[in-house]
Amino acid sequence: MAGAALMTPRRILAQSAETPVRRIPSTGEAIPPVGLGTWITFNVGDDSELRAECAAVMQAFFEMGGRMIDSSPMYGSSQAVVGDGLRKLRHPPTLFAADKVWISSGARGPSQIEETRRLWDVPRFDLLQVHNLLSWEEHLKTLFLMKAAGQLRYVGITTSEGRRHDLFEEIMRRQPLDFVQLSYNIVDREVEERILPLAADRGMGVIVNRPFQQGVLLRRLSGHPLPSWAADIGASSWAQFVLKFIISHPAVTVAIPATSQVAHVRENMAAMEEPMPDAAMRRRMADYVRGL
């Protein structure tokens, strides 16, 4: 597997013991603030070499204390690739499995969820989310029933790229959600005004997708020098600079950058380490990027 030996679950647990954590508001459960997304990067079909590279990314992620892996039925073969990687890694017990229901028929939601569970090869999910609010009323009923029956630990909803924020906010006010997932980064900051404060007020965890705008943001920033004062917050790359900005927001629980490269997952995970920017530093960071 890309030249790396498989790790035992016990070894993974030992290496994650000192990982920085955030608390899930609804339960107080500790979780590391950088997770692993699978959009595009894990959609590699049956290619054995590319699947091995994804498994190596997962191994590096767990080695550095990672827990939350997030996927969706919308992501092509990504769910099956995650399941393949988990089997290769002997099902790390620290995994926080997060997926979504994404189908227009509410009646077909349970069968899609079961197929997703089969692809992951897990006994149950920690978190299931209604993806992009598709048929959200029917699917939330299903997810809350699953949670009440002990078949699911957490329930959430998702959106991305700033879509349908008015409806998103309305659902947040009406439903007892554990998590919301949305797009947020150092340039896409609309959610700071209403949605992030609402999540804090309602005791909801926040998962951040598209932290690098699917790579567009990092490609733009790569043409500019990292400020010398980035060292004051322990950021040695633009990826770490952006991630530290995101996960230092008091309402954010986990950011889920996606990558297919071991070096990048290690770089991303290192962004969890102290020091973290305070409010004044966050303003300085945003002002610097705005001026580029």
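These numbers come from a predicted model, not from an experiment.

### Some details on the packing of aromatic side chains
The final tally for this structure, using the stated rule, is eleven aromatic pairs. Here the aromatic rings of Trp-120 and Phe-125 are separated by 5.3 Å at their centres, their planes lie at 80 degrees, and the arrangement is edge-to-face. Of the two residues examined, Trp-120 and Phe-125, each falls in the buried class. With a centroid separation of 5.9 Å and an interplanar angle of 50 degrees, the aromatic rings of Trp-229 and Phe-241 are classed as tilted. Of this pair, Trp-229 sits in the loop between helix H8 (216-221) and helix H9 (238-247) while Phe-241 is found in helix H9, placing the two residues twelve residues apart along the sequence. For Trp-229, a relative accessible area of 12% corresponds to the buried category.

### Some points on unusual backbone geometry
Glycine aside, a negative phi is what most residues show, and trans is what most peptide bonds show. For the bond running from Glu-274 to Pro-275, omega is 5 degrees, close enough to zero to count as cis. Here Pro-275 shows up in the loop between helix H10 (262-270) and helix H11 (279-290). With phi around 60 degrees, Asp-121 is a residue other than glycine that occupies positive phi space. Structurally, Asp-121 can be placed in the loop between helix H4 (109-120) and strand E6 (125-130).

Reading the values: rules and limits
- Residues numbered from 1 in each chain as written.
- Predicted model: local features only at pLDDT ≥ 70, side-chain atom pairs only at ≥ 80, totals over all residues.
- Heavy atoms only, no water.
- Phe/Tyr/Trp six-rings, centres within 6.5 Å; stacked < 30°, edge-to-face > 60°.
- Buried < 20%, exposed > 50% of the residue type's maximum accessible area, 1.4 Å probe, protein only.
- Helix = DSSP H or I, 4+ residues; strand = E, 2+ residues; numbered from the N terminus.

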